[in-house]
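Below, each chain spelled out in residue letters.
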Amino acid sequence: MKISSNQYYEVLTKQLAKQQESIGELQTQLATGKKTAVPSSDIESSLEGLSIKSVLQRQSAYETNLSYVKDRLTIEESVVTSFQDYVYRLKDLAITASSGTFSDEDIGFMKAEAEGVLEELISLSNSRDSQNSYLFSGTATNVQPFQKQADGSIAYKGNSAELNVQVDSGYEVQINSSGINLVGQVERITGGNSKNLDIFAVTKDFIAALGTNTKTDISRSIDEFDELGNQVGGQISNLGIRQNLLEERLEIIEEKKTVYEQLLSNIEDTDYSEAI
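A brief look at the structure comes next. (Residues numbered from 1 in each chain as written. Predicted model: local features only at pLDDT ≥ 70, side-chain atom pairs only at ≥ 80, totals over all residues. Heavy atoms only, no water.)

Let us look at the pattern of salt bridges. Per the stated rule, a full pass over the model turns up nine salt bridges. The partner of Glu247 in a salt bridge is Lys70, with the nearest N and O atoms 2.7 Å apart. Remark: Lys70 occurs in helix 2 (residues 43–97) and Glu247 occurs in helix 6 (residues 215–268); sequence separation between them is 177 residues. Owing to a relative accessible area of 32%, Glu247 belongs among the partly exposed residues under this scheme. Residue classification places Lys70 among the partly exposed positions, given a relative accessible area of 31%. Where salt bridges share partners, they join Arg188, Asp205 and Glu224 into one cluster. (Salt bridge = Lys/Arg side-chain N within 4 Å of Asp/Glu carboxyl O. Helix = DSSP H or I, 4+ residues; strand = E, 2+ residues; numbered from the N terminus. Buried < 20%, exposed > 50% of the residue type's maximum accessible area, 1.4 Å probe, protein only.)

If you look at the biggest cluster of nonpolar residues, it comprises 50 residues, and the most contacted ones within it are Phe83, Ile199, Phe200 and Phe206. Going through the elements one at a time, helix 2, helix 3 (104–125), strand 3 (164–168), helix 4 (179–183), helix 5 (199–212) and helix 6 are the ones with two or more residues in this core. The leading source of residues in this core is helix 2, at 13 residues. Ignoring anything within four residues of it in the chain, the contact list for Phe206 reads Leu90, Leu93, Ala94, Ala114, Ile218, Ser221 and Phe225. (Core = buried A, V, L, I, M, F, W, Y, C linked by side-chain atoms within 4.5 Å. Contact = heavy atoms within 4.5 Å.)

Attention now goes to a negative patch on the surface. Residues Glu248, Glu251, Glu254, Glu255 and Glu261 make up a contiguous surface patch of negative charge. Turning to its location among the elements, Glu251 is positioned in helix 6. (Patch = residues over 30% accessible without salt bridge, like charges linked within 9 Å, V, L, I, M, F, W, Y side chains within 5 Å. Areas by Shrake-Rupley, 256 points an atom, 1.4 Å probe, with all protein chains shown as cover. Lys, Arg positive; Asp, Glu negative; His and termini not counted. Charge placed at Lys NZ, Arg CZ, Asp CG, Glu CD.)

Tracing the chain through its elements places Ser133 in the loop between helix 3 and strand 1 (146–148). Dropping the residues within four chain positions of it, Ser133 is found in contact with Arg72, Ser127, Arg128 and Thr141.

With that settled, the discussion passes to the pairing of strand 5 (residues 186–190). With five bridges joining them, strand 5 and strand 6 (residues 193–197) adopt antiparallel strand pairing. Note that in strand 6 the partner of Ile189 across the bridge is Ser194. Taken together, strand 5 and the strand that follows it, strand 6, pair antiparallel across an intervening segment of two residues, in which Gly191 is found at a positive phi of about 60°. (Pairing = 2+ DSSP bridges.)

What follows concerns the pairing of strand 3. Pairing geometry for strand 3 and strand 4 (residues 171–174), over four bridges, is antiparallel. What sits directly across from Gln166, in strand 4, is Glu172. Linking two consecutive strands that pair antiparallel, namely strand 3 and strand 4, is a turn of two residues; a positive phi of about 75° is found at Gly170 within it.

Once that is clear, we can look at the packing of aromatic side chains. Applying the stated criterion to the full structure yields three aromatic pairs. Aromatic pair Phe146 and Phe200: ring centres 5.4 Å apart, planes at 70°, arrangement edge-to-face. With Phe146 in strand 1 and Phe200 in helix 5, the pair connects residues that are 54 residues apart, well separated along the chain. The pair Phe146 / Phe200 is uniform in exposure class, with both members buried. Aromatic pair Phe206 and Phe225: ring centres 5.3 Å apart, planes at 85°, arrangement edge-to-face. Of this pair, Phe206 sits in helix 5 while Phe225 sits in helix 6, placing them 19 residues apart in sequence. Through a chain of ring-to-ring contacts, three or more aromatic side chains come together here, namely Phe146, Tyr156 and Phe200. (Phe/Tyr/Trp six-rings, centres within 6.5 Å; stacked < 30°, edge-to-face > 60°.)

Let's shift gears to the packing of helix 3 against helix 5. Between helix 3 and helix 5, the shortest axis-to-axis distance is 9 Å and the interhelical angle comes to 165°. Classified by the angle between their axes, helix 3 and helix 5 sit roughly antiparallel to one another. The two elements helix 3 and helix 5 cross, and the hand of that crossing is left-handed. For the pair formed by helix 3 and helix 5, the contact residues are Ile107, Met110, Lys111, Ala114, Glu115, Leu118, Leu121, Ile122 and Ser125 on the first element and Ile199, Phe200, Thr203, Lys204, Phe206, Ile207, Leu210 and Gly211 on the second. When its residues are assigned to classes, the contact of helix 3 with helix 5 shows 11 nonpolar, three polar and three charged. (Axes fitted to C-alpha atoms, helices over the stretch in contact; angles between N-to-C directions. Parallel < 35°, antiparallel > 145°, perpendicular 65-115°, else oblique. Left-handed = near helix turned anticlockwise from the far one by under 90°. Nonpolar A, V, L, I, M, F, W, Y, C, P; charged D, E, K, R; others polar.)

Encoded structure:
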């Protein structure tokens, strides 16, 4: 069949336009480093790329949550360690004061120190994290957990509920601690009656005993402070375990991100040897 000149030029023009389009796409790939210049040019790859990007965004969000929890637990560990140090300092004061070798003036100095330690314990128990949330108020993170009452006692206004943050698909970690665990509890039996006391009540009784230099009550405080200090030590151990778990989760997320980023690169990035 004879092809007319017009048909010949029409076919030639279409072929040149197609070649020009291919050259343009190649130039764009080389310039951007991406195989797909626009989503419509490779819908399947674009959809797969969008899916992987969505996964990467979630992993980054999990990583942000983990970093916050890690910072919070680091602050909490520092606070709880200081709290334990003060409890054991009270124990040392009780041992010293019970020895019977110090004057009333010396006992007065010990009482003044114990009063200062009590204030430090109250302050530590009301510590906040980097986002100004209370560490030891349970889920009531905007409520000061330990508050002085009119009678001088210290009341807990938080709760014991858990506050969890998602750090991976289907995986959450607890980020808060209850102030009830921090201040501890010891049983005191007096005259056949039993009652439970926290660190604040034990310290206030110890200060009162120093004020009257009552050796039996001062000596009683030694074992109570020892037990309360050990309870705080259990919290420190628990914090260490939780921090180790967070480190493991961070490593898992980093590994996931590396895999997904490589998959995304395989889909999007131009292989220059093939393109040229």
